[in-house]
Amino acid sequence: CILRGSMALEAELKQLQHQLALVDLLTEPRPATRGDVIERLLVKLKELKIKMYQEAGHQTPHVHVDYGRHNHVASYSINERKRLAGTLDAKYDRAVLDWIADHSDKLVEVWQTMQSGKDPSWVIGELAGDA
């Protein structure tokens, strides 16, 4: 009985986290920029922030991961579902790869939209709603 209650609470907290992440995504006034690069937050997973940048010259669809206060600790290929660069603890590495696998179609759509210079807000909103 206690175990079921704990599992139900964990599921509710996970759902709340995703709902709050969606609020963050949809109420952010504008995309962050780094010079001429546009940065978009896709989702928050515990201590992780998964982001995508509009990067000229990058052909491989990929995401960047921030951990806590550390920016860009790793990057992951969307299509190949593997870490391209950086380091991340194994438990988080698996969580990122699983999330990418579950959302790869929408991630590719966000990538293509951003690389074409269009606003990906509506796709990111759908992505956050699926989380």
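Everything quoted here is computed from the prediction, not taken from an experiment.

Participant: Looking at this model, I keep getting lost on the side chain of Arg40. Mind explaining?
Facilitator: Counting through the fold element by element, Arg40 comes out in strand β2 (residues 37-45). Overall, the relative accessible area of 9% leaves Arg40 in the buried class. Of note is the side chain of Arg40, whose polar atom sits 3.3 Å from the side chain of Asp119. A polar side-chain atom of Arg40 sits 3.2 Å from a polar atom in the side chain of Ser121.

Participant: I would appreciate a short explanation of the pairing of strand β5 (residues 70-77) in the present structure.
Facilitator: Consecutive residues of a regular strand have side chains that alternate between opposite faces of the sheet. Strand direction decides the pairing type here: strand β4 (residues 62-67) and β5, joined by five bridges, are antiparallel. Paired with Val65 across the two strands is Ala74, which belongs to β5. Taking the residues that link successive antiparallel strands as the turn, the β4-β5 hairpin has two residues, and the phi of Gly68 there is positive, at about 55°. Bridge count for β5 against strand β6 (residues 82-86) is four bridges, and the pairing is antiparallel. What sits directly across from Ser77, in β6, is Lys82. Connecting β5 to the next strand, β6, in antiparallel fashion are four residues, including Arg81 with a positive phi near 50°.

Participant: How should the packing of aromatic side chains be read in this particular structure?
Facilitator: Two measures describe an aromatic ring pair: the distance that separates the ring centres and the angle between the ring planes. Scanning the model with the defined rule gives one aromatic pair in all. Considering the side-chain rings of Tyr67 and Tyr92, the 5.3 Å spacing of their centres and the 50° angle between planes classify their relative orientation as tilted. With Tyr67 in strand β4 and Tyr92 in helix α2 (residues 90-115), this pair connects stretches of sequence that are 25 residues apart. What makes Tyr67 partly exposed here is its relative accessible area of 30%.

Participant: Honestly, α2 in this entry has me stumped. Any pointers?
Facilitator: Counting along an α-helix, one turn takes 3.6 residues, and residues three or four places apart therefore face a common direction. With 26 residues, α2 should reach 38 Å at 1.5 Å per residue; the first-to-last C-alpha distance of 30 Å falls well below that figure. Between a side-chain oxygen at the N-terminus of α2 and the backbone nitrogen of Lys91 the separation is 3.2 Å; the capping residue is Asp89.

Participant: Could you clarify how one ought to interpret the pattern of salt bridges in this entry?
Facilitator: Where charged atoms from two side chains of opposite charge approach closely, those side chains can pair. The full count for this structure, using the stated rule, is seven salt bridges. Here Lys51 makes a salt bridge to Asp66, at a shortest N to O gap of 2.7 Å. In this pair, Lys51 sits in strand β3 (residues 48-54) while Asp66 sits in strand β4, placing the two residues 15 residues apart along the sequence. When the shortest N-O distance is used, the salt bridge between Lys106 and Glu126 registers 3.8 Å. Taken together, the positions of Lys106 in helix α2 and Glu126 in helix α3 (residues 121-130) put the pair 20 residues apart, joining distant regions of the chain. On the basis of relative accessibility, which here comes to 22%, the residue Lys106 falls in the partly exposed class.

What counts as what
- Residues numbered from 1 in each chain as written.
- Predicted model: local features only at pLDDT ≥ 70, side-chain atom pairs only at ≥ 80, totals over all residues.
- Heavy atoms only, no water.
- Helix = DSSP H or I, 4+ residues; strand = E, 2+ residues; numbered from the N terminus.
- Buried < 20%, exposed > 50% of the residue type's maximum accessible area, 1.4 Å probe, protein only.
- Polar contact = N/O pair within 3.5 Å; in protein donor to acceptor, adjacent residues only side chain to side chain.
- Pairing = 2+ DSSP bridges.
- Phe/Tyr/Trp six-rings, centres within 6.5 Å; stacked < 30°, edge-to-face > 60°.
- Expected span 1.5 Å × (residues − 1).
- Salt bridge = Lys/Arg side-chain N within 4 Å of Asp/Glu carboxyl O.

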